[in-house]
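Residues per chain, in single letters:
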Amino acid sequence: MRKNIVAGNWKMNTTLTEGIALAEGLNKALMGKTTKCDVVIGIPFTHLASIAGTIDTTKIGVAAENCADKEKGAYTGEVSAAMVASTGAEYVILGHSERRAYYHETPEILKEKVKLALANNLTPIFCIGEVLEEREAGKHFEVVDEQIKNSLFDLSPEDFGKLVLAYEPVWAIGTGKTATAAQAQEIHAHIRRTIAGKYGENIANDTSILYGGSCNADNAKELFANPDVDGGLIGGASLGVDKFMPIIEAIESIEK
């Protein structure tokens with residue numbers, strides 16, 4: 001059975017001191033609570049070891065926001081999957097639209113990152129999604145299919161089953177725009193059918209697919225109520241406990 005997951009993506013925000021305080025605040029807010037979703041925070045490399053050693057990692061999973069596409073070596077400034085795993089992190093966010101757009105990460109680069117993450121027992125949260133022009137041209141299904149196939153469909157069924165996918169319409173990230181609940185369900189269901197076509201119904205039905213893109217306390221419950229939306233990858237609203245906790249709580253009241 002697939003998991004419900006609410007994951008924060010802090011991006012390039014918070015100093016180490018600020019990040020530890022934010023993580024500790026979330027840890028305190030979750031103390032004594034039994035949640036119906038896994039809670040994850042995607043945090044800067046500089047924070048990983050400190051925060052993983054500070055919080056209750058049985059309550060909050062720790063994710064890096066990226067890793068290198070090389071195992072090790074003379075790659076100044078890069079951080080390998082093995083380095084990420086050594087900090088106590090359990091997840092890594094890969095393929096985010098900002099990495100694709102600003103740092104020109106290709107499907108081939110992302111394929112290598114996924115393989116290295118899995119080899120180091122990290123769970124990839126793999127991001128897919130279309131830009132506004134592609135949505136308006138009716139190419140959104142085609143775009144997400146290509147992103148999945150070109151980076152992930154060389155994986156064995158066993159390894160694919162270890163992934164979490166995050167659908168993020170690029171036009172809704174940080175813009176205040178959000179896909180409607182119906183739009184989110186439509187494309188999440190399509191993604192699941194695409195997976196089933198390659199790996200079969202069982203793996204498709206067990207794959208968690210998160211929604212990202214201006215998800216907040218006001219719209220989370222409606223989005224998460226969709227049968228094929230298994231939680232969210234949350235950007236700006238994960239930078240405050242008072243904003244993030246209502247999103248976690250939104251999934252608590254939903255029966256699926």
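Read on for a plain summary of the structure. This one's a predicted model, so the numbers in the text were calculated from it and none came from an experiment. (Residues numbered from 1 in each chain as written. Predicted model: local features only at pLDDT ≥ 70, side-chain atom pairs only at ≥ 80, totals over all residues. Heavy atoms only, no water.)

1. Describing the pattern of salt bridges
Right, on to step 1. One pass over the full model with this rule turns up 13 salt bridges.
Right, on to step 2. The residue Lys 162 makes a salt bridge to Asp 159 at a minimum N-O spacing of 3.2 Å.
Right, on to step 3. Its relative accessible area of 40% is what places Lys 162 among the partly exposed residues.
Right, on to step 4. Using a relative accessible area of 23% as the deciding quantity, one classes Asp 159 as partly exposed.
Right, on to step 5. Residues participating in the shared-partner salt-bridge network are Arg 2, Arg 192, Asp 228 and Asp 230. (Salt bridge = Lys/Arg side-chain N within 4 Å of Asp/Glu carboxyl O. Buried < 20%, exposed > 50% of the residue type's maximum accessible area, 1.4 Å probe, protein only.)

2. Quick notes on the pairing of strand 8 (residues 231-234)
Right, on to step 1. A two-sided burial pattern is seen for strand 8, the buried positions comprising Gly 231 and Leu 233 on one face and Gly 232 and Ile 234 on the other.
Right, on to step 2. Pairing of strand 1 (residues 5-9) with strand 8 involves 4 bridges; the strand directions are parallel. Along strand 8, the bridge assignment pairs Val 6 with Gly 232.
Right, on to step 3. Note that strand 7 (residues 209-212) and strand 8 share 2 bridges and pair parallel. If you follow Gly 212 over to strand 8, its bridge partner there is Leu 233. (Helix = DSSP H or I, 4+ residues; strand = E, 2+ residues; numbered from the N terminus. Pairing = 2+ DSSP bridges.)

3. Looking at helix 7 (residues 140-152)
Each turn of an α-helix holds 3.6 residues, which means side chains three or four residues apart point in the same direction.
Right, on to step 1. Here helix 7 is 13 residues long and its end C-alpha atoms lie 18 Å apart, about the 18 Å a rise of 1.5 Å per residue gives.
Right, on to step 2. Along helix 7, the residues that are buried comprise His 140, Val 143, Val 144, Asp 145, Gln 147, Ile 148, Ser 151 and Leu 152. (Expected span 1.5 Å × (residues − 1).)

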